[in-house]
Amino acid sequence: MTTGRRSALVVANDTYHDQRLSRLRAPATDAEQLAGVLRNAEIGGFEVEVSLNEPEHVVRRKVSSFFDDRGLDDLLLLHLSCHGVKDEDGRLYFATPDTEVDHLDATSLPADYVNRQMTKSRSRRIVLLLDCCYSGAFARGMMNRGDERMDIMERFDGRGRIVLTASSAMEYSFEGDQLAGQGKPSVFTSALVEGLATGEADRDGDGFVSVDELYDFAFDRVRTVTPSQTPGKWVFDVQGDFYIARSNRPPEPVDLLADLRGAISSPFTNVRLGAVEELAALLDDADSARAAAARAVLDEMAEHDAQRVVRGSAERARRPAEASPPPTPAAPEQPTVAPPDTPAPTAEAAVAREPEHSPRPVAATEPQPPAWVPAVASTAAVGLLAAVPLPLLAETTTSWNSFAVVAPFEVALAALALLLAAGRLRRGQLATASAAGLFIVVGVLMGAAGVGLVKFSLEDIGGIGVALSLLVVCGGAGAVVAGRACLNVSPPDHDLGPVEPVWLVSAMAGAGLAALALFLPYDGFSSLWTEVEEGTSAEYIFEPAAAVGCLAMGMLTLSSRRRFATAVLISAGTLTAVHYLGVVIAAWQAIGEEGEVRSAGWVGIAGGLLVAFAAWQVQQSLTRGRTGSATT
């Protein structure tokens, strides 16, 4: 077996058959979030196995296999998120779905069993994360897990291992909300995920996140959220430190000329002349980056300095070097000495340092969706294109009417958006929340349009039109499935602050115009709403009504999931505007009296564009905020 492997086993149980063990919200989401950040090659580089709500005998076997046949330098991480229960003799057990409180030893995972497996393992680099419940204060709106006390030193002693717990022996471990709606990580696990995903746990800025640093970060975060909960740490015969992940936080920029900055900007000419001499001496410095920085400052002084004598000195100082090409800053060398506990190169390949200038994917700091998502989105795009030839299959007198259901150029735009987003998501250049918003909106709107095309085809085209329309419906469903998978793994937004009122009001106004367009006449006879009453052309309202629903969803989630919400609003607003352009063309060419174009189409276009522009401005403020944070 290759030494130095990085392996993780994430065990999460939130559903229990025994009514005395209340259902938990967090563990399933705990498993997804933590497994994603540990598996990410840019961060943890672990081989991750997840055990979610599996019976006791399966979990026992997986724990045994996880610690078996390991090398001394293998880094093993076991995470347990579940109920913790103690029997009348004080022995601790980790509950599984089939655990019976009256038969703990036979139906749950004993802490002593886990300890024995760790002790038998040859690895001397073991990290145990326990997000289980103990006793203590109970906070309103939080859910407790477990029994009265837990003696870590007694149950998990041994060599070469570190144990982190969500709380001390006399406290509960808290989840983030009440048992309703969608789950989210517990306070403790969410702190671990945040510290690893953002790189903020790298307290010393060396590019690596150690267990000690991760604990310190989690301790501060948990105490901030729930002061009554105190995470614990126990270290057993550890040589050096364990490095869990590589930090994605960019290093602080180093000013190579920090010692000369005061002289360079001095108001006294003689002091600046002295700085010019020092800078000239640095042109031949062995550090090519420092030499390049000196040349850049000399160039600036020669061009902008107010004193002629200083400009002349700077020009003369840099002139000899102009005979040869200016030195190119060398790329930083890769470190050849690993951290204290780093084993063979293959062990830490996933967390090796990279040059500071190497590009980093946009979405590398957050969990990625399943690998099948881009393929499903791309396939959905192909399905949507089945709507493009439908106008050619209808009779000449009704072919233009199909533009009021969905225009071919709108379908082509939606398919192109899916393909581009799938490609960027596959390369890690698109945030999962943004991909989720786009996929869901395109899927919902094109699915509604596809249903409308089925009705239109039954009346005006025939069997082949119905078959192509069903492909469009399937494409829309596939896009929704891909979007939902992205939304499930996208992290929540934190500390975003309020939306600027001007853009919030603009988005609301645009959504209102899109809703108003449903009731205004689009031709000389009808509005989309009156078409529903007549029944014959009711399919015209399917997609516009779905668009209003998507806009409402985007507005409602703008405060809690802003990246997702802005993607929803931009996508829905753009497609709404393009759709109403198709309505205008249909009214102009065919519906009712030819050329009878009324206000609904123009109002819908204006509303969609206004929403998209306002949401784009909000999204730009997010981008600027993240850029500002990165350079602070």
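Colleague: Would you explain the pairing of strand 3 (residues 75-82) in this entry?
Modeller: A regular strand places its side chains so that they alternate between the two faces of the sheet. Across the 8 residues that make up strand 3, a large majority, 8, are buried. Here strand 3 shows no split at all, with Leu75, Leu77, His79 and Ser81 on one side and Leu76, Leu78, Leu80 and Cys82 on the other all buried.

Colleague: How should the confidence of the model for the protein chain be read in this particular structure?
Modeller: Reading predicted coordinates in detail is not appropriate for stretches of low pLDDT. When pLDDT is averaged across the protein chain, the result is 79; 77% of the residues are at 70 or more. When the elements of the protein chain are averaged for pLDDT, helix 5 (residues 152-155) gives the smallest value, 48, and helix 2 (residues 56-67) the largest, 95. Taken together, the stretch residues 321-365 has pLDDT below 50 and engages in 79 contacts with residues farther than four places along the chain or on a different chain. Throughout residues 626-632 the model reports pLDDT below 50, and contacts reaching past four residues in sequence, or to other chains, amount to 3 contacts.

Colleague: Any chance you could explain the sheet that holds strand 2 (residues 47-52) here in plain terms?
Modeller: Each strand in a sheet pairs with another by means of backbone hydrogen bonds, the pair being arranged parallel or else antiparallel. Strand order in the open sheet made by the 6 strands is 2-1-3-7-8-10, with mixed pairing throughout. Both edges of this open sheet fall to strand 2 and strand 10 (232-236), since each of them pairs with a single strand only. Neighbour-to-neighbour, the strand axes of this sheet turn through a mean angle of 10°, independent of strand direction. Here strand 1 (residues 6-12) pairs with strand 3 via 7 bridges, running parallel. By the bridge assignment, Val11 is partnered in strand 3 with Leu80. Taken strand by strand, helix 2 contacts strand 1, strand 2, strand 3 and strand 7 (125-132), and its axis lies near 165° from that of strand 1.

Colleague: I keep staring at the sheet that holds strand 6 (residues 109-110) and nothing clicks. Help me out?
Modeller: Read across the sheet, 3 strands follow the order 4-5-6 without closing on themselves; strand pairing throughout is antiparallel. Either end of the sheet is taken by a strand with one partner, and the two such strands are strand 4 (84-86) and strand 6. When strand 4 meets strand 5 (residues 92-94), the two strands line up antiparallel, connected through 3 bridges. Bridged to Val85 within strand 5 is Tyr93.

Colleague: Please explain the nonpolar core as it appears in this structure.
Modeller: Most often, soluble globular proteins keep nonpolar side chains buried together rather than apart. Within the largest apolar cluster, 82 residues are counted, with the highest numbers of intra-cluster contacts made by Leu384, Leu418, Phe439, Val442, Leu445 and Met446. With near-sequence residues (within four places) excluded, Met446 lies in contact with Leu384, Val406, Glu410, Val411, Ala414, Val472 and Glu543. Counting residues in each nonpolar core, the second largest holds 36 residues, with Val37, Val187, Phe188 and Ile244 among its members.

Colleague: What's the story with the environment of Leu518 in this structure? I'm lost.
Modeller: The residue Leu518 is located in the loop between helix 19 (501-516) and helix 20 (528-534) in this model. Note: C-alpha distance between Leu518 and Pro544 (26 residues apart in sequence) is 7.3 Å. Excluding anything up to four places from it in sequence, Leu518 contacts Ser527, Leu528, Trp529, Ile541, Pro544, Ala545, Val548 and Tyr580.

Colleague: What exactly am I supposed to notice about the pattern of salt bridges here?
Modeller: Note that side chains of opposite charge can pair when their charged atoms are close. By the definition in use, this model includes 13 salt bridges. For the salt bridge of Glu42 with Arg246, the shortest nitrogen-to-oxygen distance reads 2.8 Å. Of this pair, Glu42 sits in the loop between helix 1 (26-39) and strand 2 while Arg246 is found in strand 11 (residues 243-246), placing the two residues 204 residues apart along the sequence. One salt bridge connects Glu459 with Lys455, and the closest N-O pair in it is separated by 3.0 Å. Of the two residues, Glu459 and Lys455 both sit in helix 17 (residues 432-460), 4 residues apart, roughly one turn of that helix. Beyond isolated ion pairs, a larger network of salt bridges with shared partners links Asp18, Arg20 and Asp102.

Colleague: I would appreciate a short explanation of the side chain of Ser378 in the present structure.
Modeller: As for its placement among the helices and strands, Ser378 is situated in helix 12 (residues 372-384). Setting aside chain neighbours within four positions, we find Ser378 in contact with Leu419, Ala422 and Arg426.

Colleague: How should I be thinking about the packing of aromatic side chains in this particular structure?
Modeller: How two aromatic rings sit relative to each other is given by the distance of their centres and the angle of their planes. For the coordinates displayed, the defined rule picks out 9 aromatic pairs. Relative to Phe67, the ring of Phe66 lies with its centre 5.1 Å away and its plane at 75°, an arrangement referred to as edge-to-face. Classification of Phe66 by relative accessible area gives buried; the value is 5%.

Colleague: Explain unusual backbone geometry here, please?
Modeller: Excluding glycine, residues mostly carry a negative phi; peptide bonds, for their part, are mostly trans. One non-glycine residue, Asn53, lies in the positive phi region at around 55°. Locating Asn53 in the fold gives a position in the loop between strand 2 and helix 2. Overall, the relative accessible area of 28% leaves Asn53 in the partly exposed class. Phi angles above zero are rare outside glycine, and Asp69 is one such case at about 55°. Position of Asp69 among the secondary structure elements: in the loop between helix 2 and strand 3.

Colleague: What is the right way to look at a nonpolar patch on the surface in this model?
Modeller: A cluster of nonpolar side chains, contributed by Phe519, Trp529 and Val532, occupies part of the molecular surface with about 300 Å² of accessible area. Of note, Val532 is situated in helix 20. For Val532, a relative accessible area of 36% gives the class partly exposed.

Rules used in this analysis
Residues numbered from 1 in each chain as written. Predicted model: local features only at pLDDT ≥ 70, side-chain atom pairs only at ≥ 80, totals over all residues. Heavy atoms only, no water. Buried < 20%, exposed > 50% of the residue type's maximum accessible area, 1.4 Å probe, protein only. Helix = DSSP H or I, 4+ residues; strand = E, 2+ residues; numbered from the N terminus. pLDDT = per-residue confidence, 0-100. Contact = heavy atoms within 4.5 Å. Pairing = 2+ DSSP bridges. Axes fitted to C-alpha atoms, helices over the stretch in contact; angles between N-to-C directions. Core = buried A, V, L, I, M, F, W, Y, C linked by side-chain atoms within 4.5 Å. Salt bridge = Lys/Arg side-chain N within 4 Å of Asp/Glu carboxyl O. Phe/Tyr/Trp six-rings, centres within 6.5 Å; stacked < 30°, edge-to-face > 60°. Patch = residues over 30% accessible without salt bridge, like charges linked within 9 Å, V, L, I, M, F, W, Y side chains within 5 Å. Areas by Shrake-Rupley, 256 points an atom, 1.4 Å probe, with all protein chains shown as cover.

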